Amino acid sequence: MIEATSCGGVVIFRGKILVLYKNYRNKYEGWVLPKGTVEPGEDFPDTAIREVKEETGADASIVKYIGRSQYSFTVPEDTVEKQVHWFLMMADSYYSKPQREEYFVDSGFYKYHEAVHLLKFSNEKQILEKAYNEYLELKNSNRWGIRKSD
């Protein structure tokens, strides 16, 4: 068994959620949230920010930690147990450009009900729901968009 850790973001700008469409040689297709592998010496928030930037081109900042999801998949000769740490993130514009090297062919910001419908994996739908509820709570209490100063 191989253990892997990734970090990703539910990126929101003006109430819309950033999602990516991946098409890997027509074998793997579907809409996903941006995420990627933690590099040596990197902490989880830095990984999430870097991966969002690499995969989508979007500049985003972390608002808060949302939680983690776990799943497994098989690769030739082994099983990968993957853990993904998710962050609610705020983008500074609607800009996105899918990372072609990672087989992302489209990206964009979608309304919540559209994004939930588009997402391929149920665990990502659950994280999106949790993150969006946090976003609504912050927005309704006038705390969305206030960046913490160090």
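Residues numbered from 1 in each chain as written. Predicted model: local features only at pLDDT ≥ 70, side-chain atom pairs only at ≥ 80, totals over all residues. Heavy atoms only, no water.

### Thoughts on unusual backbone geometry
Thought 1: Positioned with a positive phi, Glu77 is a non-glycine residue whose angle comes to about 75°.
Thought 2: Position of Glu77 among the secondary structure elements: in the loop between β5 (60-75) and β6 (78-91).
Thought 3: Judged by its relative accessible area of 83%, Glu77 is exposed.
Thought 4: Located in the positive-phi region is Tyr103, a residue other than glycine, with phi close to 70°.
Thought 5: As for its position among the elements, Tyr103 is in the loop between β6 and β7 (104-110).
Thought 6: A relative accessible area of 30% places Tyr103 in the partly exposed class. (Helix = DSSP H or I, 4+ residues; strand = E, 2+ residues; numbered from the N terminus. Buried < 20%, exposed > 50% of the residue type's maximum accessible area, 1.4 Å probe, protein only.)

### A look at the pairing of β6
Thought 1: In terms of residue burial, β6 counts as a mostly covered element, since 10 of its 14 residues are buried.
Thought 2: By the bridge criterion, 11 bridges tie strand β1 (residues 2-13) to β6 in an arrangement that is parallel. Paired with Cys7 across the two strands is His85, which belongs to β6.
Thought 3: For β5 and β6, the ladder comprises 14 bridges, and the chain directions are antiparallel. What sits directly across from Lys64, in β6, is Leu88.
Thought 4: If you look at the hairpin formed by β5 and β6, you'll find 2 residues sitting between the two strands, and Glu77 has a positive phi there, around 75°. (Pairing = 2+ DSSP bridges.)

### Thoughts on the pattern of salt bridges
Thought 1: The tally for this structure, following the rule as stated, stands at 7 salt bridges.
Thought 2: A salt bridge links Glu51 to Arg50; the shortest N-O distance between them is 2.9 Å. Accessibility classification places Glu51 together with Arg50 in one group, the buried group.
Thought 3: Its salt-bridge partner being Asp59, residue Lys53 comes within 2.9 Å of it at the nearest N-O pair. (Salt bridge = Lys/Arg side-chain N within 4 Å of Asp/Glu carboxyl O.)

### Re the nonpolar core
Thought 1: Ranked by size, the top nonpolar core spans 21 residues in total, and within it Val10, Ile12, Ile17, Val19, Leu33, Leu88 and Trp144 carry the most contacts.
Thought 2: Going through the elements one at a time, β1, β2 (16-24), β6 and α3 (122-140) are the ones with two or more residues in this core.
Thought 3: Residue contributions to this core peak at 6 residues, all from α3.
Thought 4: Residue contacts for Leu33: discarding those within four places in its chain leaves Gly9, Val10, Ile17, Leu18, Val19, Trp86, Leu119 and Glu124.
Thought 5: Counting 12 residues, the second largest nonpolar core, distinct from the first, contains Val11, Ala60, Phe87 and Ala91. (Core = buried A, V, L, I, M, F, W, Y, C linked by side-chain atoms within 4.5 Å. Contact = heavy atoms within 4.5 Å.)

### Structural notes on helix α1 (residues 44-56)
Thought 1: Spanning 13 residues, α1 covers 18 Å between terminal C-alpha atoms, matching the ideal 18 Å at 1.5 Å per step.
Thought 2: The set of residues buried in α1 consists of Thr47, Ala48, Arg50, Glu51, Val52, Glu55 and Thr56.
Thought 3: In the core, the buried residues of α1 are packed alongside β1, β2, β4 (35-37), β5, β6 and β7.
Thought 4: Where α1 begins, one side-chain oxygen reaches toward the backbone nitrogen of Asp46, 3.0 Å away; that side chain belongs to Asp43.
Thought 5: A positive backbone phi angle near 80° is found at Gly57, which sits one or two residues after α1. (Expected span 1.5 Å × (residues − 1). Polar contact = N/O pair within 3.5 Å; in protein donor to acceptor, adjacent residues only side chain to side chain.)

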